[in-house]
Amino acid sequence: MIKRAIIITLILNSIILIGIPSGHGYGIMILIEYLGVRNIIEYGFEFDKNYPYESSLFLIAIVSLIGKLISIGLLFSKNILTKKNWIYIGLTLMLISFFFVCYGTWEYDSFLFAITLGSGIPFLMYFGRVLYLINKENNKSELVTE
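Residues numbered from 1 in each chain as written. Predicted model: local features only at pLDDT ≥ 70, side-chain atom pairs only at ≥ 80, totals over all residues. Heavy atoms only, no water.

Peer 1: Quick question: what am I supposed to make of the overall build of the protein here?
Peer 2: Helices and strands together make up the secondary structure of the protein, namely five helices and two strands. Each helix and strand of the protein, ordered N terminal to C terminal, gives the series α-β-β-α-α-α-α. Evaluated residue by residue, the protein yields a buried proportion of 39% over its 146 residues. A separation of at least 24 residues holds for 68% of the contacts in the protein among residues at least 6 apart in sequence. Carbon and sulfur atoms provide 66% of the accessible area of the protein, an area that totals close to 8700 Å². (Helix = DSSP H or I, 4+ residues; strand = E, 2+ residues; numbered from the N terminus. Buried < 20%, exposed > 50% of the residue type's maximum accessible area, 1.4 Å probe, protein only. Contact = heavy atoms within 4.5 Å. Areas by Shrake-Rupley, 256 points an atom, 1.4 Å probe, with all protein chains shown as cover.)

Quick look at the structure:
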């Protein structure tokens, strides 16, 4: 049940709409992650002080990708509850990247922020569900050992 919730959380994080200011439109998180990896491999990390949000967007996407890769790696574990701390690290990296994206869009436009936050609400709900399921399983295992 926890593995299914983690998979749904990964999918919902991948389809978060990210509004890019200056009329560039929208993209989903997984597209920005792909472009971020490709851009960093080809050109390295470049930061433009005139456009801080656009410059840091690829780095934020890489942080989200690292969290996803950690979570995907945990799905192949037999007993996922023994890797609880890694689950928390992977989910926290995805949550941090989502908050940085929301904060970046908040500075530019309230409509971009509303779209980004609105598309991220299902991710936040399943993030809470994963935490609930882990806590529920921990309480169940504590009752059995006593």
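So that's the structure; there's more coming.
Peer 1: Which parts of the structure should I look at to understand the environment of Met 94?
Peer 2: Counting through the fold element by element, Met 94 comes out in helix 4 (residues 84–108). In this structure, Met 94 is in contact with Leu 10, Asn 13, Ser 64, Gly 67, Lys 68, Ser 71 and Phe 123, ignoring residues within four places of it in sequence.

Peer 1: Which parts of the structure should I look at to understand the nonpolar core?
Peer 2: One broad trend across soluble globular proteins is that nonpolar side chains are buried collectively. In terms of nonpolar packing, the biggest core is built from 22 residues, with Ile 2, Ile 6, Ile 80, Ile 87, Leu 91, Phe 123 and Val 130 touching the most fellow members. Counting only elements with at least two residues in this core, the list comes to helix 1 (2–14), helix 3 (52–74), helix 4 and helix 5 (110–145). Those residues in contact with Ile 6, other than ones at most four positions away along the chain, are Ser 71, Leu 75, Ile 80, Ile 87 and Val 130. (Core = buried A, V, L, I, M, F, W, Y, C linked by side-chain atoms within 4.5 Å.)

Peer 1: Explanation requested: the packing of aromatic side chains in the structure shown.
Peer 2: Centre distance and the angle of the planes are the two values used to describe a pair of aromatic rings. In the structure shown here, the tally under the stated rule is four aromatic pairs. Ring centres of Phe 123 and Phe 127 lie 6.2 Å apart, and the angle between their planes is 50°; this geometry places the pair in the tilted category. Residue Phe 123 and its partner Phe 127 are both found in helix 5; the two are separated by four residues, about one turn of the helix. The exposure classification of Phe 123 matches that of Phe 127, with both residues buried. (Phe/Tyr/Trp six-rings, centres within 6.5 Å; stacked < 30°, edge-to-face > 60°.)

Peer 1: How should I be thinking about helix 1 in this particular structure?
Peer 2: It helps to recall that an α-helix has 3.6 residues per turn; residues three or four apart then point in one direction. For helix 1, spanning 13 residues, the distance from its first C-alpha to its last is 18 Å, which sits close to the expected 18 Å at 1.5 Å a residue. Listing the buried residues of helix 1 in full gives Ile 2, Ala 5, Ile 6, Thr 9, Leu 10, Leu 12, Asn 13 and Ser 14. (Expected span 1.5 Å × (residues − 1).)

Peer 1: Please clarify how the pattern of salt bridges should be interpreted in this entry.
Peer 2: Two side chains carrying opposite charge are able to pair once their charged atoms lie near each other. Applying the stated criterion across every chain yields a total of two salt bridges. Lys 68 is the partner of Glu 33 in a salt bridge, and the nearest nitrogen-oxygen pair spans 2.8 Å. Here the residue Glu 33 occupies a position in helix 2 (residues 29–43), and Lys 68 occupies one in helix 3, the gap between them amounting to 35 residues. As far as burial versus exposure is concerned, Glu 33 and Lys 68 are alike and both buried. Between Arg 38 and Glu 42 there is a salt bridge; the shortest N-O distance is 3.5 Å. Of this pair, Arg 38 and Glu 42 both sit in helix 2, four residues apart, which is roughly one turn of the helix. (Salt bridge = Lys/Arg side-chain N within 4 Å of Asp/Glu carboxyl O.)

Peer 1: Looking at this structure, I do not really get a nonpolar patch on the surface. What am I missing?
Peer 2: On the surface, a nonpolar cluster with roughly 980 Å² of combined accessible area is contributed by Ile 7, Ile 11, Ile 15, Leu 17, Tyr 26, Ile 28, Ile 30, Leu 31, Tyr 34, Leu 35 and Phe 111. When residues of the nonpolar patch are traced back to their parent elements, those giving at least two are helix 1, strand 2 (25–28) and helix 2. A per-element tally of the nonpolar patch places helix 2 first, with four residues. With respect to the helices and strands, the residue Ile 7 is situated in helix 1. (Patch = residues over 30% accessible without salt bridge, like charges linked within 9 Å, V, L, I, M, F, W, Y side chains within 5 Å.)

Peer 1: In this structure, what is going on with the side chain of Ser 14? I would like to understand it.
Peer 2: Tracing the backbone shows Ser 14 in helix 1. With a relative accessible area of 12%, Ser 14 lands in the buried category. Among the polar contacts made by the side chain of Ser 14, one reaches the main-chain carbonyl oxygen of Leu 10 at a distance of 2.9 Å. Excluding its chain neighbours within four sequence positions, the residues that come into contact with Ser 14 are Ile 28, Met 29, Ile 30 and Lys 68. (Polar contact = N/O pair within 3.5 Å; in protein donor to acceptor, adjacent residues only side chain to side chain.)

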